[in-house]
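Take a look at the letters that make up each chain.
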Amino acid sequence: MALRAALRSKCVVSGLLSSSSRHACVSPVLRAQQRNNSTSSKIKVDFDQSSGVAVMHMQSPPVNSLSLEFLTELCINVEKLEMDKSCRGLIITSNQPKVFSAGLDIMEMYGKSPERCGEFWKAVQEMWLKLYGSNLVTIAAISGSSPAGGCLMSMTCDYRIMADNPRYSIGLNETQLGIVAPFWFKDTMVNTVGHRTTELALELGMLYSPAEALKIGLVDQLVPEDQVLTTATQIMTKWLAIPEHARQITKSMMRKPTIDKLTANREADINNFVSFITKDSIQKSLRMYLEMLKKRKA
Amino acid sequence: MALRAALRSKCVVSGLLSSSSRHACVSPVLRAQQRNNSTSSKIKVDFDQSSGVAVMHMQSPPVNSLSLEFLTELCINVEKLEMDKSCRGLIITSNQPKVFSAGLDIMEMYGKSPERCGEFWKAVQEMWLKLYGSNLVTIAAISGSSPAGGCLMSMTCDYRIMADNPRYSIGLNETQLGIVAPFWFKDTMVNTVGHRTTELALELGMLYSPAEALKIGLVDQLVPEDQVLTTATQIMTKWLAIPEHARQITKSMMRKPTIDKLTANREADINNFVSFITKDSIQKSLRMYLEMLKKRKA
Amino acid sequence: MALRAALRSKCVVSGLLSSSSRHACVSPVLRAQQRNNSTSSKIKVDFDQSSGVAVMHMQSPPVNSLSLEFLTELCINVEKLEMDKSCRGLIITSNQPKVFSAGLDIMEMYGKSPERCGEFWKAVQEMWLKLYGSNLVTIAAISGSSPAGGCLMSMTCDYRIMADNPRYSIGLNETQLGIVAPFWFKDTMVNTVGHRTTELALELGMLYSPAEALKIGLVDQLVPEDQVLTTATQIMTKWLAIPEHARQITKSMMRKPTIDKLTANREADINNFVSFITKDSIQKSLRMYLEMLKKRKA
C-alpha cells in the first residue's frame, strides 16, 4: 500500500521530469557546490570532517523516485565521497516524509525510446555497482517505505536500520507490476535473506512490514521513527572502530563474486532490460497500472 | 516411523507391480480419458477450467510409492496440464490416508537389472525436471507423511502446506536406508532450507515433524488435517493474482541454474545411480532392510 | 574479552616456541607412542577401540594456540585415526580451562621470515583440509572460548556442542586484529550460518556468546559446562548408527566443492597470506596489538 501511495504521487509529478535530465548533466556550478557540504536539487550531503561520516539526504519530492537525473546525482556524490580520503562512512536517508525511496521511476520506463531506456538502466547498474562495492561503511537509515529500487538501494548497504512503523513496507515487489527484478537484484537479495525467502519474495512481489523484514533479515534493526538517523550515527561509530583495511578486504571478498557477475554482463543486461521493457505487452501493463493509480487518486 | 509404516505396507504390495509397468506404457484409451478430468489407476486429476487450477490426487495404494509406472503417469499428466493454456495452477495431494508419498519405490531398486534401474532413475529425473521447472504455480498439499522422494516432490513446488499432525513426518532420509540422495536432491534442499540444515538433514537422514519442518522452512504453513486442500486452493488464488509472465520469468531465474546442472549431467547421474544401486553391498543392505520390515510386520 | 585474556597469556608464552618446532619434526619415539592412546606434548588422544571413538584433548598451555608445532601434531594424529579402520568417530575437545582454542598463534605471524610464514600457513590449510574433509564423524566439544582459528576448527566438525557459559565466546574475529579471514574460512562460515550472517560477522570481527552462537547456528547445542564431553559421546552414538558409507558420500557431496576451491588454490593462498602478513603496516598493527596486551597485563 505504501508503494501504491508512493506511485500515486509519482504519477502526478511525472511531468516534472525535464528534458534536461535526459542528458544526465550536472552543471559546473552544481559540481562546485558539491565539493564539501553539497546541496543539489535532489540530494543533500552533510559531511562531517571530524567524524569522517557523510549523511546523504535524498530530497526529491514527493517520493525520491530513482530517475536518471536522480541516479546520476547520487552516483556523482558517492564517487566524490569515495575519493575523499577523509570520508570513511556514508549514511543514506530520506528527507521526504513516510518514504525512503519509492524505487525506479516508472516514468523512465514508460513510453521512452530504447536508447533512453538503456541510458536509464545503465545508471541503475552504476548506482548498484558503486554502493554494493563501496569501500565506505554504508548504513541505510530507512525512514519510510522502501519498495523495489528503494529496497535494492537499502540492501547494498552494510547495515539497515528501519523506522518501526507498521504502515511502512520494504521489498522487491517488481513482479506485482508485471516487471522482473534482474539477476543482480536477485543475487543481492539472496545474499541478504537466502535463496528460499528470495524465491517467495520475488515470485509474489512481496512487501514486508518492518517487523516482518526484521524477522527474515531484510533489515537489521528497528527503532522508533525519530531515532533512525541518530541510531545510524551510533552504529556507524561502532563500524568505524574496526581496522579499516581488513574490513574493506573482507567486504570485497564477500561481494566481489556478485559484482563480477554484473560487470561481466552489463551490456547483455541492458539489452535484456530494454527489449523487455519496450515490449508492447509490458508497456500496456505499465499503462494500465498508471491509469489505475490515476483512478484511485480521483 | 511413518516411513517404516509406509515401507512395511509397500513391502507387502511390491508384488502388485505388474510386468506391464516395466515398459512404462499408457494405453491409448487411458490417454483419451486423461484429456479433461482424467482417472487412471494411480493418479486422478481434477481440472477446474473456470479457475484454471488442477488438483492432482495421488491414489496408488497403499502409500503412493514412486514406481516407474507411477512416475510415468505423473509426468504425462503434468505435461498435459503444462501444455493446456487454460491451466495456470497445480495442486498436488494424496488420496491415501496418512501419507502424501512414501517416496521412491524400493522394489524398483532391489533385484532389478541395470537397464531397468536406469529406466527408473530417468523417470525420477523427469519428474523432478518437470515439476521444479514448471511454469504453473505448484502447491504441495501434504496431507500425510512425505519421506524421501515424497519430500523431493514437495520441495519442487512453489509452496508447501502440511497437515499439522505430529505423527506425520517429512525429510530426505535416504542415508538411513544406506543409500544416498543425489546432488540434485541436495541442491533442491539447499535452495529450500540452506546449506547447513541440509548437511545435517542428509548426513543423518532426518525426518522432521510438521512443527520442525515449519521451523526450518521445509514447509511453509501448517493447517489442521482436514483443511490442507482448501487452504491450498485459497493460497493458489493469491498466487494466480500475480502477473503471470513476470512470475514465470522470476521462477525460472531462481531455479534455472539448479535445473541446468542436472540437464547437463543426466547420463552421468543415471550411470552413477545404476552402478551404486546394483552394488552387492547396497543390494544386501536393501535386502536386510526389507527383511527387517517383514519381521516387524510378523 | 575471552580472546584478549587468551592472547594476553599467549603473549607471555610465546618464548616457549622452540626452534625445533620450525621443522615440524615429530620424533620416531613420539610416533611410536601415538599408535594407540598417544600422549605428546600438545595433544592427547584417547581411542576406545570398542566404540570406535577417539577423543582428542588439546592440552597446549595456556590456550591451545595453533602454532606450527601444534598443527603438525594435530594433523599427524587425525591422519592416523583416519587410516585406522577401527576408528569411526572423533571428538575434539580441550583440557585447558576456559578455552577450546585461542586460534592461530600470533607469534607465528609476527617477525617471522616469509618462508616460515608460508610453512605455517600451509599447516593451517592442512588442518582444515584434513578436518573438513574427514571421513570420520567429527564432533567439537567446545568447552571454552573459541575465537578465530578455534572457531574455524569447530566449524570443520559435523556437529558442535558448546559449554553454556556466557563468559565464553566464539567467532571469526580476525578483522578486529587488522587481519583478514581468507576465502576458505569465509566459505566454511557461509556453509554454516549463511551469507549475510557471515558478512556481518567477518566485517565486524564478531565474537558471539554461546546463546548468540546457537541462535545464528554457529553451534548446534548448548549444555552445562561439565556435560560437554559426555553429551558429545552420546551424540556420537547417534551419528555412528547411520549407515557409514552413505553418510560419508553425503558429507563429501556437501563439502567437496568448498574443499576443491582451496585445493586448486593452495599456492596462491599461501602467497597471498605471506605477502599480506609480512607487510610493514600489518606487522606494525600486530606489534601494537601485542604491546597493548602487555600493557593491559601490567
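The rules behind the values
- Here the residue index of a chain counts from 1 through its sequence in written order.
- The lettering of chains begins at A and the numbering of ligands begins at 1, in the order of writing.
- With the structure being a predicted model, the display of local features is reserved for residues of pLDDT at least 70 and the display and counting of side-chain atom pairs for 80 or more, all residues being used for whole-chain, interface and lining totals.
- Working from all heavy atoms in the structure, the side-chain values ignore hydrogens and water.
- UniProt positions are given in the numbering used here, feature names are shortened, and annotations may be inferred rather than shown by experiment.
- Accessible area is worked out with a 1.4 Å probe on protein chains only. A residue is then buried under 20% of its type maximum, exposed over 50%, and partly exposed in between.
- Runs of E in the DSSP output that reach at least two residues are strands. Runs of H or I that reach at least four are helices, and both are numbered from the N terminus.
- Should DSSP find at least two bridges between two strands, the strands are regarded as paired.
- One side-chain nitrogen of Lys or Arg within 4 Å of one carboxyl oxygen of Asp or Glu is enough to make a salt bridge.
- Alignment of the copies relies on least squares applied to C-alpha atoms, considering only residues that score at least 70 for pLDDT in both.
- Expected span of a helix: the number of residues minus one, times 1.5 Å.
- Think of each axis as a best-fit line through the C-alpha atoms, taken over the contacting stretch in the case of a helix, with angles from 0 to 180 degrees between the N-to-C directions.
- These descriptions rest on fixed angle ranges, namely under 35 degrees for roughly parallel, over 145 for roughly antiparallel, 65 to 115 for roughly perpendicular, and the rest for oblique.
- Note on convention: the crossing is left-handed when the near helix lies turned anticlockwise from the far helix by less than a right angle, right-handed when the turn is clockwise.
- For this analysis, residues touch if any pair of their heavy atoms sits within 4.5 Å.
- The nonpolar class holds Ala, Val, Leu, Ile, Met, Phe, Trp, Tyr, Cys and Pro. Asp, Glu, Lys and Arg form the charged class, and all remaining residues, Gly among them, are polar.

Naming follows an unreviewed UniProt entry, where chain A appears as Enoyl-CoA delta isomerase 1, mitochondrial of Parambassis ranga. Looking at the Pathway (unreviewed entry) heading of the UniProt record, one finds this comment for chain A: "Lipid metabolism; fatty acid beta-oxidation." Comment text from UniProt for chain A, heading Sequence similarities (unreviewed entry), reads "Belongs to the enoyl-CoA hydratase/isomerase family."

J.: Any chance you could explain the pairing of strand β2 (residues 43-48) of chain A here in plain terms?
T.: Along any regular strand the residues' side chains alternate between the sheet's two faces. Residues and elements named next belong to chain A. Here β2 shows a clear split, with I43, V45 and F47 buried on one side and none of K44, D46 and D48 buried on the other. One ladder, built from 6 bridges, connects β2 with strand β3 (residues 53-58); its direction is antiparallel. Bridge assignment links K44 to a residue of β3, and that residue is H57. Connecting the antiparallel pair β2 and β3 is a turn made up of 4 residues, with G52 showing a positive phi of about 80°.

J.: Help me understand the pattern of salt bridges in this model?
T.: Once the charged atoms of two side chains with opposite charge are near each other, the side chains can pair. Residue and element names in this part refer to chain B. Under the defined criterion, the tally for this structure stands at 48 salt bridges over all chains. Its salt-bridge partner being R88, residue E244 comes within 3.2 Å of it at the nearest N-O pair. With a gap of 156 residues between them, E244 in helix α10 (residues 244-263) and R88 in the loop between α3 (68-83) and β4 (89-94) connect regions that are remote in the sequence. On the basis of relative accessible area, E244 is assigned to the partly exposed category, the value being 28%. Judged by relative accessible area, R88 falls into the partly exposed class, the value being 26%.

J.: Where do I start with the relation of the copies chain B and chain A in this structure?
T.: Between the two copies of this chain, the relationship is a rotation about some axis together with a displacement along it. For these two chains of identical sequence, chain B goes onto chain A by a turn of 120° and a shift of 0.0 Å along the axis, with RMSD 0.0 Å. What we have between these two chains is a three-fold relation. The rotation axis passes nearest to the C-alpha of G194 of chain B in chain B, at a distance of 4.3 Å.

J.: Can you walk me through unusual backbone geometry in this structure?
T.: A negative phi angle characterises most non-glycine residues, just as the trans form characterises most peptide bonds. All names here are of chain A. Between P61 and the following residue, P62, the backbone shows a cis peptide bond with an omega angle of -5°. Relative to the elements of secondary structure, P62 occurs in the loop between β3 and α3 (68-83). In this structure, K98 is a non-glycine residue whose phi angle is positive, near 70°. Counting through the fold element by element, K98 comes out in the loop between β4 (89-94) and α4 (114-132).

J.: I would appreciate a short explanation of helix α3 (residues 68-83) of chain C in the present structure.
T.: Because an α-helix packs 3.6 residues into every turn, residues spaced three or four apart end up facing the same way. Helix length check: α3 of chain C (16 residues) gives 22 Å between terminal C-alpha atoms against 22 Å at 1.5 Å per residue, within 8%. Along α3 of chain C, the residues classified as buried are L68, F70, L71, T72, E73, L74, C75, I76, N77, V78 and L81 of chain C.

J.: Explain the packing of helix α4 (residues 114-132) of chain B against helix α11 (residues 266-277) of chain B here, please?
T.: When two helices pack together, you describe them by how their axes are tilted relative to each other and by the distance separating the axes. Residues and elements named next belong to chain B. Between α4 and α11, the least distance of the axes is 9 Å, while the angle of their chain directions is 130°. As the angle between them shows, α4 and α11 are arranged oblique. Crossing handedness for the pair α4 and α11: right-handed. Contacts between α4 and α11 pair P114, C117, G118, F120, W121, K122, Q125, E126 and L129 from the former with R266, D269, I270, F273, V274 and I277 from the latter. Per-class residue counts for the contact of α4 with α11 are 9 nonpolar, 2 polar and 4 charged.

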